[in-house]
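These are the residues of each chain, in order.
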Amino acid sequence: MLTDRNALRRRLEKATDHLETPLAVVDLAAFDDNADRLTARAAGKPIRVASKSVRCRSLLERVLARPGWHGVMAYTLPEAIWLVRTGVTDDVLVAYPTADRTALAELAGDEKLAAAISIMVDHPSQLDLVDQVSSPKDRPTVRLCLDLDASWKPAGPLHVGVRRSPVHSAAQAGALARAISARPGFRLVGMMSYEAHIAGVGDDPPGRALRGRAIRLMQSRALPELLGRRGAAVQAVREHADLEYVNGGGTGSVAATSADPSVTEVTAGSGLYGPTLFDAYRNWQPTPAAFFALSVVRRPAPRIATVLGGGWVASGPAEASRLPVPYLPEGLAFKNDEGPGEVQTPLLGEAAERLRPGDRVWFRHAKAGEMCEHVNELQLVDGDTATPAPTYRGEGHAFLG
């Protein structure tokens, strides 16, 4: 592994030695390999790419050109509109409900957009908001996707998983589908459920064996419950709507979700970049493909090398798993009482002894697409050459508001 890392470091350095830091790269060989391995895990079901985990138009187009990938799961309606208008795709599912009146008006005023984009709903009041923006008689039909809450509720108030949708049971899903079918100007075309407690929680956290066993036990009981409930919900919804797709899963559950007969497509995105959170999975680990580099600027002590910047912390609970990881050269660690800083980051270890001002340290981010919020472009590394590609930020977009 050390030899592989050394070879990777030499290749990344050669491809980007003419560039200043901070810089971020995606290794195209690893990216493509991860895409193909995800396709194999999907076992014939199409994969919808989660744009939140990529945030680079060039790479979205690259993966959509590969067999087995079709459509985008966007995270805001303005982003979905932009993806259609720029020709990236004509099939976008917005993963979260929207309250963006300007974007809703644009969607309702354009038949091409209305035919290409599905917006997420979990309550009739979200339909009221659309009607306030545009009367049903004055707009094309708005495509909807029903969000079924995938969390596990084993007993009483116990709740395992993220709190997404108020629609949890098959009866609730059927009732909402019935309400939608009675509303003019809307068509329910899809259903989605994201099993975050399965797809987004690593079952083998490093150095936490007891926690790993608890997670595996939880997942072994939560998944069968979801499969039964999701199947019943799909059946209840189909009594009121002709569903075009049933979406589920994420990078961490592509194989398990694809095996669900009620699911017609799966979603993945983070697995293309291989961030550190997926190092904690037993069933499959993507090859690290995305890295960012920072320059050493001083040596305050013999076994300490300090780089400029470094506070690229991921969203989620404030814990060590959300920190970036120094990856190349191997053998570096954060100083416990400082961690990664906005302006400077001291790194400890034997490898620090060999670093000098001007040398680079390559990091991996804890999450995938969030790295792109720190740079205007990614360097796409092919062999030992690099080609710049703008991120969403570099194209002037802030789709999260």
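Just so it is clear, the structure is predicted and the values come from calculations on it, not from any experiment.

J.: Any chance you could explain the pairing of strand β6 (residues 142–147) here in plain terms?
T.: Each regular strand displays side chains that alternate between the two surfaces of the sheet. Burial analysis of β6 places 6 of its 6 residues in the buried class, which makes it a mostly covered element. Neither face of β6 is exposed, since V142, L144 and L146 on one face and R143, C145 and D147 on the opposite face are all buried. Examined bridge by bridge, β6 and strand β7 (residues 186–193) share 6 bridges and lie parallel to one another. What sits directly across from V142, in β7, is F186.

J.: Explain helix α10 (residues 209–238) here, please?
T.: An α-helical turn contains 3.6 residues, so a residue and the one three or four places further along point in the same direction. Spanning 30 residues, α10 covers 43 Å between terminal C-alpha atoms, matching the ideal 44 Å at 1.5 Å per step. Residues of α10 that are buried: G212, I215, M218, Q219, A222, L226, R229, R230, A233, V234, A236 and V237. Where α10 is buried, its residues touch β6, α8 (170–181), β7, α9 (196–199), β8 (245–248) and α11 (254–258).

J.: Mind showing me how you'd approach the pattern of salt bridges here?
T.: It is possible for side chains bearing opposite charge to pair when their charged atoms get close. Here the structure, examined in full by the defined rule, presents 28 salt bridges. Linking D147 and R164 is a salt bridge whose minimum nitrogen-to-oxygen distance equals 3.4 Å. Here D147 is found in strand β6, whereas its partner R164 is found in the loop between β6 and α8, with 17 residues between them in sequence. Assessed through its relative accessible area of 24%, R164 is described here as partly exposed. The salt bridge partner of R299 is E353, with a shortest N-O separation of 3.8 Å. Of the two residues, R299 sits in strand β10 (residues 290–301) while E353 sits in the loop between β14 (344–348) and β15 (360–364), which places them 54 residues apart along the sequence. Linked through salt bridges whose partners overlap, the residues forming this network are D32, D36, R62 and R66.

J.: Looking at this structure, I do not really get the packing of aromatic side chains. What am I missing?
T.: Think of a pair of aromatic rings as described by two things: how far the centres are apart, and how the planes are tilted against each other in angle. Under the definition given, this model contains 9 aromatic pairs. What links up through ring pairs into an aromatic cluster is the set F292, W312, F334 and F363. The aromatic ring of Y245 is capped on one face by R48, whose charged end is 5.2 Å from the ring centroid. Lying over the aromatic face of F186, R139 brings its terminal NZ or CZ to 4.5 Å of the ring centre.

J.: How should the nonpolar core be read in this particular structure?
T.: Inside soluble globular proteins, nonpolar side chains tend to come together where they are buried. Of all hydrophobic cores here, the largest spans 89 residues; its most connected members are L59, L77, I117, I119, L272, Y273 and L378. Of the residues forming this core, the biggest block, 6 residues, is contributed by helix α4 (residues 77–85). Not counting chain neighbours up to four residues away, the residues in contact with I117 comprise L77, A80, I81, V84, V92, V94, L107 and R143. With 11 residues, the next largest nonpolar core counts L8, A15, A293 and V381 among its residues.

J.: Teacher, can you tell me more about a nonpolar patch on the surface here?
T.: A contiguous nonpolar patch, built from V297, L308 and V343 and spanning about 270 Å² of accessible area, is present on the exposed surface. Structurally, the position occupied by V297 is in strand β10.

J.: When you look at the UniProt feature "domain: Alanine racemase N-terminal" (unreviewed entry) in the protein chain in this model, what are you seeing that I'm missing?
T.: Cross-referencing UniProt, the feature "domain: Alanine racemase N-terminal" (unreviewed entry) maps to residues 26–274 in the present numbering. Strand forms 17% of residues 26–274 and helix 45%; the C-alpha atoms that close the span are 10 Å apart.

J.: Any chance you could explain the pairing of strand β17 (residues 385–390) here in plain terms?
T.: Of the strand pairs in this sheet, strand β16 (residues 377–382) and β17 are connected by 6 bridges, and their pairing is antiparallel. Paired with V381 across the strands is A386, a residue of β17. Connecting β16 to the antiparallel partner β17 that follows it, the hairpin turn spans 2 residues, and G383 within it adopts a positive phi of roughly 70°.

J.: Hey, could you run me through the sheet that holds strand β2 (residues 47–50) in this one?
T.: The strands making up a sheet are joined through hydrogen bonds of the backbone, oriented either antiparallel or parallel. Sheet architecture is closed into a barrel: 8 strands sit in the order β2-β3-β4-β5-β6-β7-β8-β9, paired in parallel fashion. The sheet shows a mean angle of 30° between the axes of neighbouring strands, direction not considered.

J.: I would appreciate a short explanation of the packing of helix α5 (residues 101–108) against helix α7 (residues 124–133) in the present structure.
T.: The description of two packed helices rests on the angle between their axes and on the distance between the axes. Following both chains from N to C, one finds α5 and α7 inclined at 70°, their axes separated by 9 Å at the closest point. On the basis of their axis angle, the class for α5 and α7 is roughly perpendicular. From α5, R101, L104 and A105 reach across to α7, where they touch L129, V130, Q132 and V133. The residue inventory of the contact of α5 with α7, partitioned by class, reads 5 nonpolar, 1 polar and 1 charged.

Basis of the calculations
Residues numbered from 1 in each chain as written. Predicted model: local features only at pLDDT ≥ 70, side-chain atom pairs only at ≥ 80, totals over all residues. Heavy atoms only, no water. Buried < 20%, exposed > 50% of the residue type's maximum accessible area, 1.4 Å probe, protein only. Helix = DSSP H or I, 4+ residues; strand = E, 2+ residues; numbered from the N terminus. Pairing = 2+ DSSP bridges. Expected span 1.5 Å × (residues − 1). Contact = heavy atoms within 4.5 Å. Salt bridge = Lys/Arg side-chain N within 4 Å of Asp/Glu carboxyl O. Phe/Tyr/Trp six-rings, centres within 6.5 Å; stacked < 30°, edge-to-face > 60°. Lys NZ or Arg CZ within 6 Å of the ring centre and 35° of its normal. Core = buried A, V, L, I, M, F, W, Y, C linked by side-chain atoms within 4.5 Å. Patch = residues over 30% accessible without salt bridge, like charges linked within 9 Å, V, L, I, M, F, W, Y side chains within 5 Å. Areas by Shrake-Rupley, 256 points an atom, 1.4 Å probe, with all protein chains shown as cover. UniProt positions renumbered as here; feature names shortened; annotations may be inferred. Axes fitted to C-alpha atoms, helices over the stretch in contact; angles between N-to-C directions. Parallel < 35°, antiparallel > 145°, perpendicular 65-115°, else oblique. Nonpolar A, V, L, I, M, F, W, Y, C, P; charged D, E, K, R; others polar.

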